[in-house]
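Commentary on secondary and tertiary structure
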Amino acid sequence: MDKVFKAMADPTRRRILELLREREMTAGELAEQFELSKPTLSGHFAILREADLVTSEKSGTSITYRLNISVLEQALLGFSNALGLGLARDASPSLRRKKHV
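Presented here is a report on the structure given in the accompanying data block. All figures in this text were calculated on a predicted structure; none of them were measured in a lab.

With respect to the pairing of strand β2 (residues 54–59)
As a general feature of sheets, a regular strand has side chains that alternate between the two faces. As paired strands, β2 and strand β3 (residues 62–67) are joined by 6 bridges and run antiparallel to one another. Within β3, the position partnered with Ser 59 by the bridge is Ser 62. Between β2 and the antiparallel strand that follows it, β3, lie 2 residues; Gly 60 among them carries a positive phi value of about 65°.

What follows is the structure, given as structure tokens:
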């Protein structure tokens with residue numbers, strides 16, 4: 001959970017996640033959305049991959065990124081439970097099943 005929240009602490013990485021929520025995108029498509037150098041964006045992608053918030057697939061010279069929403073949902077559910085917010089009752093059935101496994 002720490003890696004997820006560290007990854008989400010940065011506004012650039014949150015914007016990347018928002019973009020990927022709409023659809024999968026290549027690194028080039030994502031880069032077009034920012035005025036950052038490619039090495040800087042690569043660092044952001046690495047942190048998101050390390051937190052397992054995104055998956056990547058290389059095809060030739062192109063890398064396609066996809067949002068791994070289940071990791072984000074699990075982290076938020078764990079955080080809400082740690083704070084005693086009781087959101088587990090309202091969680092989707094898939095999250096409740098994962099929690100009991």
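Re helix α4 (residues 38–50)
Quick reminder: α-helices carry 3.6 residues per turn. Residues three or four places apart thus point the same way. The terminal C-alpha atoms of α4 lie 18 Å apart, and with 13 residues this matches the ideal 18 Å at 1.5 Å per residue to within 8%. For α4, every residue scored as buried is listed here: Leu 41, His 44, Phe 45 and Leu 48. An end-on view of α4 places all buried positions within 100° of arc, on one side of the element. Opposite its buried face, α4 presents the exposed residues Pro 39 and Glu 50, each directed more than 90 degrees away. Looking at the buried side of α4, the elements it contacts are α1 (2–8), α2 (11–22), α3 (27–31), β2 and β3. Directly after α4, the chain includes Asp 52, whose backbone phi takes a positive value near 65°.

Here's the deal with helix α5 (residues 69–82)
Here α5 contains 14 residues, and its C-alpha end-to-end distance of 20 Å stays within 8% of the 20 Å for a straight helix at 1.5 Å per residue. Those residues of α5 lying buried are Val 71, Leu 72, Ala 75, Leu 77 and Ser 80. Directly beyond the C-terminal end of α5, a positive phi value near 75° is found at Gly 84.

Rules used throughout
- Per-chain numbering applies: the sequence of each chain, read as written, is numbered from 1 onward.
- The predicted origin of the model limits local features to residues at a pLDDT of at least 70 and limits the giving and counting of side-chain atom pairs to 80 or more, whereas totals for whole chains, interfaces and linings rest on all residues.
- By convention in this description, side-chain values take in all heavy atoms of the structure and omit both hydrogens and water.
- Strand pairing is assigned whenever DSSP identifies at least 2 bridges connecting the two strands.
- In this description a helix means any DSSP run of H or I spanning at least four residues, a strand means any run of E spanning at least two, and both kinds are numbered starting from the N terminus.
- Expected span of a helix: the number of residues minus one, times 1.5 Å.
- In this scheme, a residue with accessible area under 20% of its type's maximum is buried, one over 50% is exposed, and one in between is partly exposed, where area comes from a 1.4 Å probe on protein chains only.
- Directions pointing from the helix axis toward each C-beta atom define the arc.
- Should any heavy atoms of two residues lie within 4.5 Å, those residues are counted as being in contact.

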